[in-house]
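Report on the structure
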Amino acid sequence: MQTLIKNIGLLAGIQETPKTLLRGAEMAEYHTMANAWLVLDNGRISDYGPMPDYPIPAEMQMVIDAGGGAVFPSFCDSHTHLVYAGSREGEFVDKIRGLSYAEIAKRGGGILNSADRLHNASEEELYEQAMRRIREILLKGTGAVEIKSGYGLNTADELKMLRVIRRIKQTTPIKVIPTFLGAHAVGREYIGRQSEYVDMIVNEMIPAVGEEKLAFYIDVFCDKGFFTPEETIRILEAGAKYGLRGKIHGQELADSGGVEAAVKCNALSVDHLESMTDRDIELLKAPQAPIPTALPGTSFFLNMPFAPARKMIDAGLPLALASDYNPGSTPSGDMKFIVSLACMKMGLLPAEALNAATINSAAAMGLSDEYGCIRRGCIANIFITEPIPSIDYIPYAYTSPTVRRVFLQGIEYR
C-alpha cells in the first residue's frame, strides 16, 4: 500500500542528483522544500513535491497529515556497541573521581568488565537487553545502525554476540550492519600474551566468523595500550580473505598510527580520531581513503578532546558522525544529541552535521546508495517532527523531543 504524507512544513535532506558521499564544502549543502508532500510506496520513497501540486489520493493510499511538521531522512549510526550485558555506572563514578579511561582499564574495568558480564549472560538475555536499546534509538529517529561485537574476547563469546546481532537483524525493521571486533582488547586469559591473542583472532576467530557469515566488516582498536598498527594490518588482511572489509578504531587515545593502517588496508572508515594529527588529514586526502568518523558523544562523556571535525571539512574531507553507543564511554544512542554536539563542540554548521549523521554515516556502512537522504528510489526510512522553524532547530533544541512519528521501510513504527 502507498502512503501519502501531506502538509509537510519542511521536507529536509533532499537529493535530486544522487551523491553517495559528501566532501568538504559539499557538506554544507542540505536541500529542503517548504510546504511539501511525500509518497512512500513498497518500502521506498516514490515521489515528492510542493503542496500546490498535491496529487489526488488514490483509493488504496493511506493519507497522513504531517500537520506542518518537518520530514527528515532517518539518522544512520555507523558505530555502536549496543549488544552488551548490564551497565557500568560504577566506572562513571570512577571517572568523576578523576580516574582516566586507561587507568580504569588497567584496574580490570572497561572492556574487560563488559566481557566478564557478557560471558555470564545468555543469548536470550543479550537479545532482550539489546532490543530495548534498539527500540530507544528507533523512536529517536535512527533507521540504520552498525553493531559491533568485541565484548566476547574469545571465540565462543564473540560468536554469541554476532548471533545475537544476526537475530536483531532478522527481527527488527531497522537496517543492521554486523561488524566483528574481536580485537577490541586482549582477552583476560591472554593478558601478557598479546601476540598469542592476535594469533587466535587470525587463526580461529576470523575463520569461524567467516564460515558462519556473521559479519560484513572487521574492526580493530588500533591505539595506545591496545593493538599496534602491525597487528591491525595483520588482522585486517586475514579478515579480507573472508570478504570482511576493514574498519578501524584509531587515534582515540594517542597518535598511534591508526589512520595510516586504515589507509594501507583500504578500510571503509576510521573512527574516533580525537588525537588526529595534520599528517592524518593529509593521508585521508588520498583517493578511496577511509571515511573519517567522529564520535562526539565519547568526548562529551569522557571529557576528552573532540575530533578536529572543522579542520577535516575545511581540508576537503568527508565526515561521518556516529554515537559509539556502549556501556563504558558513551551510554547513549541519541543521534540528535550527536548532531548537537557536533555543532556546539566541533564547530559544524547544522547542515554539515545533519549530512554527517545521515548520508555520510550511511556511506560509512556501505549503504548510501539507498539510505541517508530523501531521494526517489531510496528506502523509506524517515521521521516526522513537531513543527519547527528550520533545520537549525534540530541541533539548537538539543534536548527537546522533536521526533513525533517514525517510518521504517515505509511502515510506521510505534
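Notes on the structure in this doc start here. Since this is a predicted model, take the numbers as computed values, not measurements.

**Concerning the overall build of the protein**
- Secondary structure summary: the protein contains 15 helices and 16 strands in total.
- A compact globule built from 414 residues would reach a C-alpha radius of gyration of about 22 Å, and the protein, at 21 Å, matches this within 12%.
- If one aligns the C-alpha atoms of the protein with their principal axes, the spans along those axes are about 70 × 45 × 45 Å.
- Across the 414 residues of the protein, 60% fall into the buried class.
- Within the protein, residue pairs in contact and separated by at least 24 positions form 74% of the contacts whose partners lie at least 6 positions apart.

**Looking at unusual backbone geometry**
- In this model, Asn 266 sits at a positive phi of 55 degrees, which is unusual for a non-glycine residue.
- Among the secondary structure elements, Asn 266 is positioned in the loop between α8 (258–264) and β11 (269–272).

**Some thoughts on the packing of helix α5 (residues 155–171) against helix α6 (residues 194–212)**
- Packing of α5 against α6 leaves a shortest axis separation of 10 Å and a crossing angle of 30 degrees. Between α5 and α6, the angle is such that the two are roughly parallel. Once α5 is placed against α6, the crossing between them reads as right-handed. Here Thr 155, Glu 158, Leu 159, Leu 162, Arg 163 and Arg 166 of α5 lie close against α6, whose contacting residues are Met 200, Glu 204, Met 205, Ala 208, Val 209 and Glu 212.

**As for a nonpolar patch on the surface**
- Where nonpolar side chains cluster on the molecular surface, the patch consists of Phe 92, Val 93 and Ile 96 and spans about 270 Å² of accessible area.
- With respect to the element layout, Val 93 can be found in helix α1 (residues 89–96).
- Val 93 gets classed as partly exposed once you look at its relative accessible area, which sits at 34%.

**Some words on the pattern of salt bridges**
- Counted according to the given criterion, the structure contains 23 salt bridges.
- Close ionic contact of Arg 376 with Glu 16 constitutes a salt bridge, the shortest N to O distance being 3.4 Å. In this pair, Arg 376 sits in the loop between α14 (359–363) and β14 (382–385) while Glu 16 sits in the loop between β1 (3–14) and β2 (31–41), placing the two residues 360 residues apart along the sequence.
- Given the relative accessible area of 54%, Glu 16 is considered exposed.
- Three or more residues are tied together by salt bridges with common partners; here these are Glu 16, Asp 47 and Arg 376.

**A look at the nonpolar core**
- Grouped together as the largest cluster of nonpolar side chains are 125 residues, with contacts concentrated most on Leu 38, Phe 72, Val 83, Ile 134 and Ile 168.
- No other element matches the nine residues that α6 contributes to this core.
- Look past the residues within four positions of Leu 38 in its chain and what remains in contact with it is Thr 3, Leu 4, Ile 5, Ile 8, Leu 11, Ile 45, Asp 47, Tyr 48, Val 71, Ile 374 and Ile 382.
- Core analysis: the second largest hydrophobic core is formed by 14 residues, Leu 268, Ile 291, Ala 363 and Ile 379 among them.

So, how was this worked out
Here the residue numbers are simple positions, counted from 1 along each chain's written sequence. Confidence filtering applies because this is a predicted model: local features only for residues at pLDDT of at least 70, side-chain atom pairs given and counted only at 80 or more, and all residues used for totals across whole chains, interfaces and linings. Hydrogens and water molecules were not included; the side-chain quantities draw on all heavy atoms of the structure. Strands here are runs of E lasting at least two residues and helices are runs of H or I lasting at least four, both read from the DSSP assignment and numbered beginning at the N terminus. Radius of gyration here uses only the C-alpha atoms, and the compact-globule reference equals 2.2 Å multiplied by the residue count raised to the power 0.38. Three labels apply to residues, based on accessible area from a 1.4 Å probe with only protein chains included: buried if under 20% of the type maximum, exposed if over 50%, partly exposed otherwise in between. By the convention used here, residues are in contact when the closest approach between their heavy atoms is within 4.5 Å. Interaxial angles span 0 to 180 degrees and are taken between N-to-C directions of axes, which are lines fitted to C-alpha atoms, for helices over the stretch in contact. An angle below 35 degrees is treated as roughly parallel, one above 145 as roughly antiparallel, one from 65 to 115 as roughly perpendicular, and anything else as oblique. Less than a right angle of anticlockwise turn of the near helix away from the far helix marks a crossing as left-handed, whereas a clockwise turn marks it as right-handed. Distance thresholds for patches are 9 Å for like charges and 5 Å for nonpolar side chains (Val, Leu, Ile, Met, Phe, Trp, Tyr), applied to residues having over 30% relative accessible area and no salt bridge. With residues, only the protein chains shown are counted as cover, and all accessible areas are computed by Shrake-Rupley using a 1.4 Å probe. Note on definitions: salt bridges are taken to be side-chain nitrogens of Lys or Arg within 4 Å of carboxyl oxygens of Asp or Glu. By nonpolar core is meant a set of buried Ala, Val, Leu, Ile, Met, Phe, Trp, Tyr and Cys residues that side-chain atoms within 4.5 Å join together.

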